Structure formats: structure tokens, C-alpha cells
Amino acid sequence: MSYKVLIANRGEIALRAIRACKELGIKTVSVYSEADKDLKHLRFSDETVCIGPASPTQSYLNIPAILSAAELTSANAIYPGYGFLAEDHNFAEMCEKSGFKFIGPTSETIQKMGDKITAKTLAEKSGIQIVPGYKDEIPSDNDEFKKIARDIGYPIMIKATAGGGGRGMRVVEREEDLIGHAEITMQEAKNGFGNETIYLEKFIGNPRHIEVQIVGDGKGKAIHLGTRDCSMQRRHQKIIEEAPALNINQEALNKTLIACVNLCEEINYEGVGTIEFLYEDNQFYFIEMNTRIQVEHPVTEMITGFDLVKAQLRIALEMPIKLNQDDINFHGHSLECRINAEDPDNFQPSPGTITKMHTPGGFGIRYDSHIYGGYRVPPNYDSLLAKIITQANSRSSAIKRMLSALDEFFIEGIKTNHPLHQRILHDDTFKENKHTINYLENEFLKK
Ligand code: MV4
């Protein structure tokens, strides 16, 4: 049986997916927008279909156009990548109903994890530690509501159940602000997500962002692939990621990893997923689960040798896969620098034509990117140009290898955050691994 997978994405992840398909002998169909006709991966794809104009809503988010392309090319399955439709449960359901395998968890699982209260309840049931708070209905009596918040203890965070990834949340420092902030968050959630339900959490002030990679076969068996630290971020955009997370309490880590596997086994999780935590004072606190492949998946691949994208395809297409925790071994340390088309000083997007460039290479260096000399970066999509990934025996060696890779790397014609990466890699707080999610914005960028 020869499979054909339609790749419903663009840029580096589309290229990453094609490479995995080729290794598995799977045929590929790439869809693209009018702005993307010169993308590199289209040359490596067996078939290509233009699905609409540059605007994402008319192309990569256009469900009828994507399903039509799948129909037209007789694709068996659809690979969503990250962003766009990757966590849209309606899209997953429409794929299923149209006879195309959605490469990922079931639409039901995506929907459950998309509702943050449901996700939190499921996580807690599996023995994962959650942030203390309140996730029942908010009482209409303001004094009762205030009592609940007082019991959690200020500062608290109000979050929309339909939010996530930094959208639909607000910190409340004192009781006077509770009712007003709750009303605003509800109104914004109603307008933004069509669901005004909110819940409360104790505000964790200065944590690290640690996540756990998991893989499930959809039949009740799951494994974990350890942790990543994604604390180096600005406005919820990760800039540098690494694996594994270091300086973590071993007992808390072991408990958390086992509980993550339990959760995935209990819900018959299918495919790859990431369970996100805040980590402060030796404690893990669940925040949400992502039901997709993530941008930073290569750092996990580099320290485990486990190909996460091939695993996604094998599981979805029911090819044999061995998922035994004992077969997973961890080797050294890996870092990823996200190179974005943006001004390194003010973070404004910097689209345009790349006139000249050189890519890094060598032992322990991986380069995942769709760009090339002469390529025009369109202004319509996110600014990720390339991911430089290093692997070495220790964190400090992986940092030195990254500095060497960044020395070789140059892009001319557009601005990139390349100099920001060089500055961060020379920073003492980063080198000592003492940074939290607040470090870049509140300290480093103010220096
Ligand atoms: C929090 C928090 C502090 N306390 N929840 C932001 C994205 C979403 N995934 C959850 N987020 C947060 N939830 C409580 N109870 C702080 C954040 C947060 C954050 C989390 C991870 C990575 C970067 C962040 C940046 C700002 C705030």
C-alpha cells in the first residue's frame, strides 16, 4: 500500500515533514499560497496545489480549499504541522468525516485539551500537579467570589478556559481589582473565543517554563522523551530552547514524568504531544497540553535520536512502531536558536529579499530551514526563518558549538535576530542557567 500525505503547512516544518515522508516511502502533496510559490519544499514534493491568496485565512486556514486539494490529489492523510489548523478540532473532525486521516490526536482529544479547565481536570486525575486555584462556576455573589480568591491568595491569575498560549489571561494583585478584571477577561474571552468561562489560579511569579515531550500510540501505550526548558522567551515567543531541562529536583521530575505518561495512557493519546509546566521552588505546575508537534521538537530528537515527525506518520498510518520507555536513552545536551526575520532592537518584522547567505554546518550542528539566497520572505506569516540546533556532551559545550555555528551563519538583505542570539549566549545569567520566563524582558533587554 502506497500512502500519500498532504502537508497543510509552509516553511521549515513543511520541509521537515517532506523529509520524514521520503524516508518512509510516503508520497507528498504540498499546498501553498500565492505568496509561497517559491518555497523550497515545493520542489521536493511529489505534487503541489495552490490553495489561495497570501492571506492565511484564504489559504493555510481555508479548510474547504485544503480538503478540496486532498480530494483532487487522492491523499490518504493530512499533516498539520504547528500553528494554522494544527489544534483546530473542527478541522480534525472534518478531515475524519471526509475520509482523510488527520495526523495527530482525535478531534475529541484536541477539543478536550483546548478547553483548559477540562485539560486541567484530566491532568489532575492522572496525578499531575496543577496550579492551586478554582475551576468551578464563578458564583454570582461578589462576596462569595472574593472569598474564593482570598482563599487562593493574591496575586491570582484569571484565565479563560478557551484561551492558552498567553491569550485570555490577567493578573490580579489585590481584591479591589478582582471583579473588574474578571468581567474584562470574560468579555474578551466571549469576543475572542466565543466562550466566556474563566477560572482562577495562584499567580506563579518567577518560574521557568519546562515542558515534557510525550508520544502515544492511540491504543493506551505512551512514553515520554524527557524535558525541554523554554524559559528564554519574549511575549510568549520562545527564542532559545534546550533539552533536557537542567537543575531540576529529581524526585519532582520523576513523579511528573510518570504522571505525564499516565495521562496519555488514560486518554489513549495518539501521536506526539507536549505537557507544559511552570517550575518554581522545586515544584512542577501543569499549565496546558499542546496536541501538536512543536517548533522546538529538534532538541528532543537530538538528545534521544528519536525522530518525532516519523513517529507521527508511523502512528497515524498504522505502520509498526516500537514505543518502549527502556529503549529511550538521553545523550548530552541540545540547544535551538530561532532565527527570525525581525529587527534585533525593536522586534519589528523585517520581511524582504535575502540577497546573500551562508548556512552553518559541522559536527553536532543541525540546520532546519526553508530559506535560500534570493528567497523573498513574505510579510504575511510568522517570522521564523531558520532553526540552528546544536548537540554536545554538556550544556556549556552545546553553547560553544552554537556560538561557532552563529559565527558561520549570515543573512544579508533583511534584518534578523542573529545578533540577539550572540548576546544571549555570552550572557552570564544564561550561561549559569539562572534565567526564568521573566529574564529576557525584565532584565536582559534593559541592560
Ligand atoms: C501562568 C503564569 C503564572 N501563574 N499561570 C502564559 C502562557 C500560558 N501557557 C500560561 N502562561 C502563564 N501562566 C499562573 N498561574 C505565567 C504564565 C506566563 C508564561 C508561561 C510560560 C512561558 C512564558 C510565560 C510568560 C508570561 C506568563
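Quick caveat, the model's predicted, so the values are computed rather than measured.

(A) Molecular detail of the overall build of the chain. Regarding its fold elements, the chain presents 15 helices and 21 strands. For the chain, the spread of C-alpha atoms along the three principal axes comes to 65 × 50 × 45 Å. For the chain, buried positions account for 56% of its 447 residues. The contacts of the chain with a sequence gap of at least 6 include a subset with a gap of at least 24, amounting to 67%. As displayed, the chain offers around 18900 Å² of accessible surface, 46% of which is attributable to carbon and sulfur atoms.

(B) Structural context of the sheet that holds strand β6 (residues 133-134). Strand order in this open sheet of four strands is β6-β9-β7-β8, and the pairing throughout is antiparallel. Each edge of the open sheet is held by one strand with a lone partner, namely β6 and β8 (167-172). Here strand β7 (residues 156-164) runs beside β8; their pairing, made up of five bridges, is antiparallel. If you follow G164 over to β8, its bridge partner there is R167. Strand contacts of helix α7 (residues 142-152): β6, β7 and β9 (198-202), with the helix running at about 30 degrees to β9, the strand carrying the most contacts.

(C) Summary view of the site of the ligand. Taken together, 18 residues lie near the ligand, and K159, E201, K202, I204 and E288 sit nearest. One of the side-chain nitrogen or oxygen atoms of K159 is found 2.8 Å away from a nitrogen atom of the ligand. In the model, a nitrogen atom of the ligand is placed 2.8 Å from a nitrogen or oxygen of the I204 main chain. Contact with the protein chains covers 91% of the free accessible surface of the ligand, which is 520 Å². Those elements that provide at least two residues to the shell around the ligand are β7, β9, β13 (270-280) and β14 (283-290). Tallied by class, residues from the shell around the ligand come to eight nonpolar, five polar and five charged.

(D) Seen up close, the side chain of N290. Structurally, N290 can be placed in strand β14. Classification of N290 by relative accessible area gives buried; the value is 4%. At a separation of 2.8 Å, a polar atom in the side chain of N290 contacts the side chain of E276. A polar contact of 3.1 Å, which involves the side chain of N290, links it to the side chain of Q294. Leaving out residues up to four positions away in the same chain, N290 has contacts with E87, Y269, G273, T274 and E276.

(E) Spotlight on unusual backbone geometry. P155 follows Y154 through a cis peptide bond whose omega is -5 degrees. Tracing the backbone shows P155 in the loop between α7 and β7. The amide bond that connects A243 to the next residue, P244, takes the cis arrangement and shows omega of -10 degrees. Its place among the elements puts P244 in the loop between β12 (237-243) and α9 (250-266). Unusually for a residue other than glycine, N268 sits at a positive phi of about 50 degrees. Topologically, N268 is positioned in the loop between α9 and β13. Notably, D281 is not glycine yet its phi reads approximately 50 degrees, a positive angle. Looking at the secondary structure, you find D281 in the loop between β13 and β14.

(F) Inspection of the environment of V215 at higher detail. For V215, the location among the structural elements is in strand β10 (residues 208-217). Sequence separation of V215 and P139 is 76 residues, and the distance between their C-alpha atoms is 39 Å. If sequence neighbours within four positions are ignored, V215 has contacts with K221, A222, I223, L225, G271, V272, F306, L308, I315 and L323.

(G) Up close: helix α8 (residues 178-193). Relative to the 22 Å expected for 16 residues at 1.5 Å per residue, α8 spans 21 Å between its end C-alpha atoms, a close match to the ideal helical length. All of the buried residues along α8 are L178, I179, A182, T185 and A189. One side of α8 carries all its buried residues, which in axial view fall inside an arc of 130 degrees. The exposed residues of α8 that point more than 90 degrees off its buried face are E183, N191 and G192. Each element contacted by the buried residues of α8 is listed here: α7, β7, β8 and β9. Phi turns positive, to about 70 degrees, at G194, one or two residues after α8.

(H) A look at the environment of Y60. Tracing the backbone through its elements, the reader meets Y60 in the loop between β3 (47-52) and α3 (63-72). Y60 sits in the buried class, given a relative accessible area of 1%. Along the sequence, Y60 and A8 sit 52 residues apart, while their C-alpha atoms lie 6.7 Å from each other. If near-sequence neighbours (up to four positions away) are discounted, Y60 is found in contact with N9, R10, V31, Y32, S33, D36, I51, I66, F84, L85 and Y381. Here S33 takes part through its backbone nitrogen, which lies 3.0 Å from a polar atom of the side chain of Y60.

(I) Looking closely at the sheet that holds β12. The strand order β14-β13-β10-β11-β12-β15-β20-β18 describes an open sheet built from eight strands, whose pairing is antiparallel. Strands at the two margins of the open sheet, each flanked by one partner only, are β14 and β18 (365-369). Between one strand and the next, the sheet's axes are offset by a mean angle of 25 degrees, whatever the strand orientation. Across four bridges, the pairing between strand β11 (residues 222-234) and β12 is antiparallel. Of the residues in β12, the one forming a bridge with D229 is E242.

(J) Up close: the side chain of H333. With respect to the secondary-structure elements, H333 resides in strand β15 (residues 333-340). Its relative accessible area of 1% is what places H333 among the buried residues. At 3.5 Å, the side chain of H333 forms a polar contact with the backbone oxygen of A243. Excluding residues within four positions of it along the chain, H333 makes contact with E242, A243, P244, L246, I303, T390, Q391, A392, N393, S394, R395 and A398.

Calculation criteria
Residues numbered from 1 in each chain as written. Predicted model: local features only at pLDDT ≥ 70, side-chain atom pairs only at ≥ 80, totals over all residues. Heavy atoms only, no water. Helix = DSSP H or I, 4+ residues; strand = E, 2+ residues; numbered from the N terminus. Buried < 20%, exposed > 50% of the residue type's maximum accessible area, 1.4 Å probe, protein only. Contact = heavy atoms within 4.5 Å. Areas by Shrake-Rupley, 256 points an atom, 1.4 Å probe, with all protein chains shown as cover. Pairing = 2+ DSSP bridges. Axes fitted to C-alpha atoms, helices over the stretch in contact; angles between N-to-C directions. Near = heavy atom within 4 Å. Polar contact = N/O pair within 3.5 Å; in protein donor to acceptor, adjacent residues only side chain to side chain. Nonpolar A, V, L, I, M, F, W, Y, C, P; charged D, E, K, R; others polar. Expected span 1.5 Å × (residues − 1). Arc of directions from axis to C-beta.

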